[in-house]
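Secondary and tertiary structure notes
This is what each chain is made of:
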Amino acid sequence: METAYVAVYETLADWEIGHLVVELRTGRFTGVPWRVVTVGESVEAVVTMGGMRVVPDVTIADVAPDAGDVLVLAGSGQWDNGGGEAFAKLAGRFLDEGVPVAAICGATAGLARAGLLDGRKHTSAAKEYLQATGYQGADGYVDARAVIGGDLITAGPDSPVQFARAVLERLGLADERKLEAYEGVFHRADPAAYATLVG
């Protein structure tokens, strides 16, 4: 069974990865359920922005990129406060091994500070947001809701559905017709698209 490693930390922005994690774990529209493993700096519980208490399944030290199929990083207050280095390093290890990394919102700033956006197509909340980190990758910035830049998938804070769609696309879990229907149902509230998803 394929494995999605999901990083968890204090003030994690639950809603940003909610769509993606549900689709990976259940496989309800893709037909391929994945194992979702939460990763913390320790096994101590963290509290998300939404107030959910999450106990990590494993620590960063336990994670081998070649044992996983994607690493998911959500936004949180830590990224804007200059934290998250341990998770950025983990992301670097995944990318070095050719294993996809999916980052949304503040996580993109953490990857920018670590130099992981340089030379890769990417997006975020705004180009200026990333430029404030001092990163050198502005030439690769794309003004879009979600961007697939090889093994790196990025999105801004207002695009959790597009983020999920892009990750499912990069992982080869749905064809274009189903991806379009997925976005139609969850972003545009298009009831006609639902038939494509469940059909």
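As a starting point, this report considers the structure included with it. (Residues numbered from 1 in each chain as written. Predicted model: local features only at pLDDT ≥ 70, side-chain atom pairs only at ≥ 80, totals over all residues. Heavy atoms only, no water.)

**Points about unusual backbone geometry**
A positive phi angle is found at T11, which is not glycine, with a value near 60°. For T11, the location among the structural elements is in the loop between strand 1 (3-7) and helix 1 (14-26). A positive phi angle is found at C105, which is not glycine, with a value near 60°. Structurally, the position occupied by C105 is in the loop between strand 7 (101-104) and helix 4 (106-113). (Helix = DSSP H or I, 4+ residues; strand = E, 2+ residues; numbered from the N terminus.)

**Considering the pairing of strand 7**
Across the two faces of strand 7 the burial is the same, with V101 and A103 and A102 and I104 all buried. For strand 6 (residues 70-73) and strand 7, the ladder comprises three bridges, and the chain directions are parallel. Bridge pairing in strand 7 places L73 opposite A103. (Buried < 20%, exposed > 50% of the residue type's maximum accessible area, 1.4 Å probe, protein only. Pairing = 2+ DSSP bridges.)

**Quick notes on the pattern of salt bridges**
Under the defined criterion, the tally for this structure stands at five salt bridges. A salt bridge links D151 to R170, with the nearest nitrogen and oxygen atoms 2.4 Å apart. Placement of D151 in the loop between strand 8 (146-149) and strand 9 (152-155) and of R170 in helix 6 (residues 160-170) is noted, with a sequence separation of 19 residues between them. Residue class for R170 comes out partly exposed when judged on its relative accessible area of 27%. (Salt bridge = Lys/Arg side-chain N within 4 Å of Asp/Glu carboxyl O.)

**Section: the packing of helix 1 against helix 6**
Packing of helix 1 against helix 6 brings their axes to within 7 Å, and their N-to-C directions diverge by 35°. At the point where helix 1 passes helix 6, the crossing takes the right-handed sense. Along the contact surface, helix 1 presents W15, E16, I17, H19, L20, E23 and L24, while helix 6 presents P160, V161, F163, A164, V167 and L168. A per-class count over the contact of helix 1 with helix 6 returns ten nonpolar, one polar and two charged. (Axes fitted to C-alpha atoms, helices over the stretch in contact; angles between N-to-C directions. Left-handed = near helix turned anticlockwise from the far one by under 90°. Contact = heavy atoms within 4.5 Å. Nonpolar A, V, L, I, M, F, W, Y, C, P; charged D, E, K, R; others polar.)

**Considerations on the side chain of T108**
Inspection of the secondary structure puts T108 in helix 4. For T108, a relative accessible area of 0% translates into the label buried.

**Re the sheet that holds strand 6**
Within the open sheet, the seven strands sit side by side as 5-2-1-6-7-9-8. Their pairing is mixed. On the outer flanks of this sheet lie strand 5 (58-59) and strand 8, each paired with one strand and no other. Where strand 2 (residues 35-40) meets strand 5, two bridges bridge the pair, whose relative direction is parallel. Looking at the pairing, G40 lines up with T59 of strand 5. The sheet strands contacting helix 3 (residues 85-96) are strand 1, strand 2, strand 6, strand 7 and strand 9, and the helix crosses strand 6 at an angle near 150°.

**Here we look at the packing of aromatic side chains**
Aromatic ring pairs are described here by two measures, namely the spacing of the ring centres and the angle between the planes. All told, the structure shown has four aromatic pairs when counted by the stated rule. Here Y5 and F94 contribute two aromatic rings whose centre-to-centre distance is 6.1 Å and whose plane-to-plane angle is 85°, an arrangement assigned as edge-to-face. Placement of Y5 in strand 1 and of F94 in helix 3 is noted, with a sequence separation of 89 residues between them. Classification of F94 by relative accessible area gives buried; the value is 0%. Taken together, the ring pairs connect Y9, W79 and F87 into an aromatic cluster. (Phe/Tyr/Trp six-rings, centres within 6.5 Å; stacked < 30°, edge-to-face > 60°.)

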